[in-house]
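# Coordinates in review
One-letter residues, chain by chain:
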Amino acid sequence: MVNPLLSDNALPPFDEISIEHFEPAIDQVLQDNRLLIDKLLSDGADTWESLVYPLETANDRLNNVWSVISHYNGVLNSEALREIYKKLIGKLTQYQTEVGQNKALYLAYRHLQESEAGQKLEGPQRKALDNILRDFTLSGVGLDDQDKQRFSELKQTLSSLTNHFSENVLDATQGWTRHIVNADELQGLPDSAMALLSSFATEQAYDNGYLLTLDAPCYQPVMTYCDSRELREELYQAYMTRASDQGPHAGKWDNSDNIQQIMATRQKLATLLSFDNYAERSLATKMASSVDEVVDFLEQLAGKSMAAARQQFDALQAFAAEEYGLSQLEMWDIPYYSEKLRQQLFDVSQEALKPYFPVSVVLNGLFQVVARLFEVEIEEDAQVQVWHSDVRYYRLSRSSKAFAGFYLDLYARKHKRGGAWMGDCRVRRRLADGTLQQPVAFLTCNFTPPVDGKDSLLTHDEVTTLFHEFGHGLHHMLTKIEVSDVSGISGVPWDVVELPSQFLENWCWQEESIRLISAHHETGESLPKALLDKMLTAKHFQSAMQMMRQLEFALFDITLHRDFSELASTDVLAVLDAVREKVSVKIPPAYARFSHSFSHIFAGGYAAGYYSYKWAEVLAADAFSKFEEQGIFNLQVGRAFREHILEVGGSQDAMEMFVAFRGRKPSVEPLLVQSGIDVGIQS
Ligand code: ZN
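Residues numbered from 1 in each chain as written. Predicted model: local features only at pLDDT ≥ 70, side-chain atom pairs only at ≥ 80, totals over all residues. Heavy atoms only, no water.

### Looking at helix H25 (residues 635–646)
Regarding H25, the residues found buried are Val637, Gly638, Ala640, Phe641, Arg642, Ile645 and Leu646. Buried positions along H25 lie against helix H16 (359–374), strand E4 (392–398), helix H17 (460–477), helix H18 (499–505), helix H24 (612–630) and helix H26 (654–662). With a side-chain oxygen lying 2.8 Å from the backbone nitrogen of glutamine 636, the N-terminal cap of H25 falls on asparagine 634. (Buried < 20%, exposed > 50% of the residue type's maximum accessible area, 1.4 Å probe, protein only. Helix = DSSP H or I, 4+ residues; strand = E, 2+ residues; numbered from the N terminus. Contact = heavy atoms within 4.5 Å. Polar contact = N/O pair within 3.5 Å; in protein donor to acceptor, adjacent residues only side chain to side chain.)

Structure representation (structure tokens):
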């Protein structure tokens, strides 16, 4: 019996796959791959055809198996699967570390790079080889034995430090609760939030009342709606001092020392790899070419947004003073009065928009948008096997020639992870028999399922989410590259990945495209212009203040990773204070310890990379501005975007690729304009 996960079919045979196939398939592939590597090395393989291609093929086979397993983990989770998944992650990590540390393999690649044949490689092959060698270098394989040992010790240390950081944040978040008996204290909260807080109390075995916690589903509604200023202040203080030397649990889960050690360890790792600092190390794999470039970029955005942010803050302060007699706006007042002001100015509820967005209309409209922009036909194929009856499979074709496909899993259900994402199922590449493996994507959302066979109605936020994920999908599916390491989204730098996704969201906000994607489920009328205008104004509400907040985080992250020095005993809080001096409209109280729970950079993958959010937003807005100039359905511009951005995947330098499309380097102005931040008033 052949394991169905290892079948050669173009698409996974979902009808035959079950979780007992997972572990044997992975074991088989890893064993085959290890044998292959040994054989290639003993054969002295050192050309593209004898070394790189066979390994690419082996890795692609692994990817085809793993993509299905990790997809099941996301959409058909179970206790049993979770166990196997954890075990397999362990095996996979072990294998990857082994390969990354294989010096003989590294030397074989180096040999190829330095050979005459290697020098002649170009295009996607050149880029793929450069990436492979870069990643080898960054994994420390090129170091001498002593440094290599030290490198892996530092890695271990860093991993346990960051893990400890997360645990402290989690424990501190869960370690604080406040029981409230009298509902009057929570006046202002919507019913849904009251019900949630009451359920928290029941869960913790209280007979009655409500339980406040520091989790987002509690923190956000209380800060936004609760009339009691004292309670908001108390919650703010508990939240902003989590895992620190301040606040109600001062010192208990304190990350102060952890942060110092994480930074010191990163600095040592960077030095071992011959970087000046960890910020440089982070940028080695990104589009931004230098730390200065990132800092300049962020400061430029800050400079152009600051005046508008101050105006917005002053307007809020004036509103709170006039309408509510508040003399001084504090941090715990900002979300509360912002919500009051927003409601007064332009309240558009997501619920009110839903009748205009039945899911079938939206999907059809999305496909039309994509057809007009990128000359792609999208058609369902009901014959393809899927993992759940909700799932649909669609084929992409041009001039009647199918070239890609995607699975669409739209609705929330039990055992499916929340949120929305795009994952690859198959990556486009040239196969040994000369044919092409077509790219296939998994597109997953969590919309409300249809009831009684009626179309689900989507909020506008959900429509935007669908476009966002479809943008990722197009990046994966429209690629023309045949080398899997740089095909589709593979090998695309982190600060560029969100370009196509945020780019496509724009078609949810344009009158011309709204007509295609909306039709009232009873009247068939598309979303009225007046309502769209109102939504746009609401979208721009306090956009400069939000911009400054993101810039504060990003500047703190990049400057800390550039300037940190253990010897000079860098004071992390002082670095944050210095950033705030420059970019904050309101300085938080001295006890606030935002850094102590900033998991993105101290425990997640965003160390010296938080700027990526804004960077990709700027690229997306600037790319879209070319459509605004020449028509949002201009076919020439659509073709150019396809050819220079979507089709090349990770095979080219990202800046060159962008310049080829836009005719110049990215500009921050379009993002400011699209955010409703007036750039004209900088006189
Ligand atoms: Zn995304």
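### Brief notes about the sheet that holds strand E6 (residues 421–426)
Strand order in this open sheet of five strands is E3-E4-E5-E9-E6, and the pairing throughout is mixed. Two strands lie at the open edges of the sheet, namely strand E3 (377–380) and E6, each paired on one side alone. Sheet twist, expressed as the mean angle between neighbouring strand axes with direction ignored, is 30 degrees. Bridge analysis of E3 against E4 gives four bridges, and the strand direction is antiparallel. When the bridges of E4 are listed, glutamate 380 appears paired with tyrosine 394. Sheet contacts for helix H2 (residues 48–75): strand E5 (401–411), E6 and strand E9 (440–447); angle to E6, the most-contacted strand, approximately 145 degrees. (Pairing = 2+ DSSP bridges. Axes fitted to C-alpha atoms, helices over the stretch in contact; angles between N-to-C directions.)

### Quick notes on the pairing of E5
Looking down a regular strand, the side chains alternate between one sheet face and the other. By the criterion of burial, E5 is predominantly enclosed, with eight of the eleven residues buried. As paired strands, E4 and E5 are joined by seven bridges and run antiparallel to one another. Bridge assignment links arginine 395 to a residue of E5, and that residue is glycine 405. Connecting the antiparallel pair E4 and E5 is a turn made up of two residues, with serine 399 showing a positive phi of about 45 degrees.

### What about the pattern of salt bridges?
Evaluation of the coordinates by the stated rule reveals 40 salt bridges. In this structure, glutamate 56 and arginine 429 form a salt bridge, with 2.9 Å as the shortest nitrogen-oxygen distance. Taken together, the residues glutamate 56 in helix H2 and arginine 429 in strand E7 (residues 429–430) connect sequence positions 373 residues apart. Ionic pairing is found between arginine 395 and aspartate 381, a salt bridge with its closest N-O pair at 2.4 Å. Placement of arginine 395 in strand E4 and of aspartate 381 in the loop between E3 and E4 is noted, with a sequence separation of 14 residues between them. According to the relative accessible area criterion, arginine 395 is partly exposed, its value standing at 30%. In this structure aspartate 381 comes out as buried when scored by relative accessible area, which is 17%. Salt bridges linked by common partners bring Glu375, Lys480, Arg639, Arg642 and Glu647 together as one network. (Salt bridge = Lys/Arg side-chain N within 4 Å of Asp/Glu carboxyl O.)

### Some remarks on the domain arrangement of the protein chain
Here the domain parsing of the protein chain yields domain 1 (4–171), domain 2 (176–240), domain 3 (256–262 + 273–329 + 542–674) and domain 4 (354–538). Distance from the C-alpha centre of domain 1 to the C-alpha centre of domain 2: 46 Å. (Domains from an automatic or database assignment.)

### Some details on the pairing of E9
Most of E9 is tucked away, with seven of its eight residues classed as buried. Note: E5 against E9, six bridges, orientation parallel. Its bridge partner being in E9, phenylalanine 406 is matched across the sheet by alanine 441. Examined bridge by bridge, E6 and E9 share five bridges and lie antiparallel to one another. From the neighbouring strand, glycine 423 faces E9, where its bridge partner is phenylalanine 442.

### What about the coordination of the zinc ion?
Binding of the zinc ion to the protein goes through His468 (NE2), His472 (NE2), Glu498 (OE) and Glu498 (OE), at separations of 2.1 to 2.6 Å. Considering all four donor atoms around the zinc ion, angles at the metal cover 53 to 141 degrees and the coordination shape is irregular. Read N to C, the donor residues that coordinate the zinc ion are spaced as H-x3-H-x25-E. Within this pair, whereas histidine 472 is found in helix H17, its partner glutamate 498 is found in the loop between H17 and H18, the two being separated by 26 residues in sequence. (Donors = N, O, S within 2.8 Å, 3.2 Å for Na, K, Ca; no water. Tetrahedral: all angles 85-135°; square planar, octahedral: opposite > 155°, others 65-115°.)

### So, the environment of tyrosine 106
Secondary-structure assignment places tyrosine 106 in helix H4 (residues 103–114). As a C-alpha pair, tyrosine 106 and serine 67 span 39 residues in sequence and 26 Å in three-dimensional space. Apart from residues no more than four positions distant in its own chain, tyrosine 106 is found in contact with Leu133, Phe136, Thr137, Val141 and Gly142.

### Looking at the nonpolar core
Counting residues in hydrophobic clusters, the biggest one holds 174 residues, and the most contacted among them are Phe357, Phe374, Phe406, Phe470, Trp507, Phe556 and Phe602. Counting residues per element, this core draws most heavily on helix H13 (residues 291–324), at 14 residues. If you look at the next biggest cluster of nonpolar residues, it comprises 53 residues, including Leu5, Ile26, Ile37 and Ile84. (Core = buried A, V, L, I, M, F, W, Y, C linked by side-chain atoms within 4.5 Å.)

### Some remarks on the packing of aromatic side chains
A complete count under the given rule lists 44 aromatic pairs for this structure. Between phenylalanine 641 and phenylalanine 661, the ring centres sit 5.4 Å apart and the planes meet at 80 degrees, which makes this aromatic pair edge-to-face. With phenylalanine 641 in helix H25 and phenylalanine 661 in helix H26, this pair connects stretches of sequence that are 20 residues apart. Look at phenylalanine 641 and you get buried, because its relative accessible area is 1%. Among the aromatic residues, ring-to-ring pairing joins Trp494, Phe553, Phe556, Phe594, Phe598, Tyr606, Tyr610 and Tyr613 into one connected group. (Phe/Tyr/Trp six-rings, centres within 6.5 Å; stacked < 30°, edge-to-face > 60°.)

### A look at the side chain of serine 595
Tracing the backbone shows serine 595 in the loop between helix H22 (572–583) and helix H23 (599–602). Looking at serine 595, the relative accessible area reads 1%, which means it is buried. Discounting chain neighbours no more than four positions away, the residues touching serine 595 are Phe165, Ile259, Phe556, Leu573, Leu576 and Phe602.

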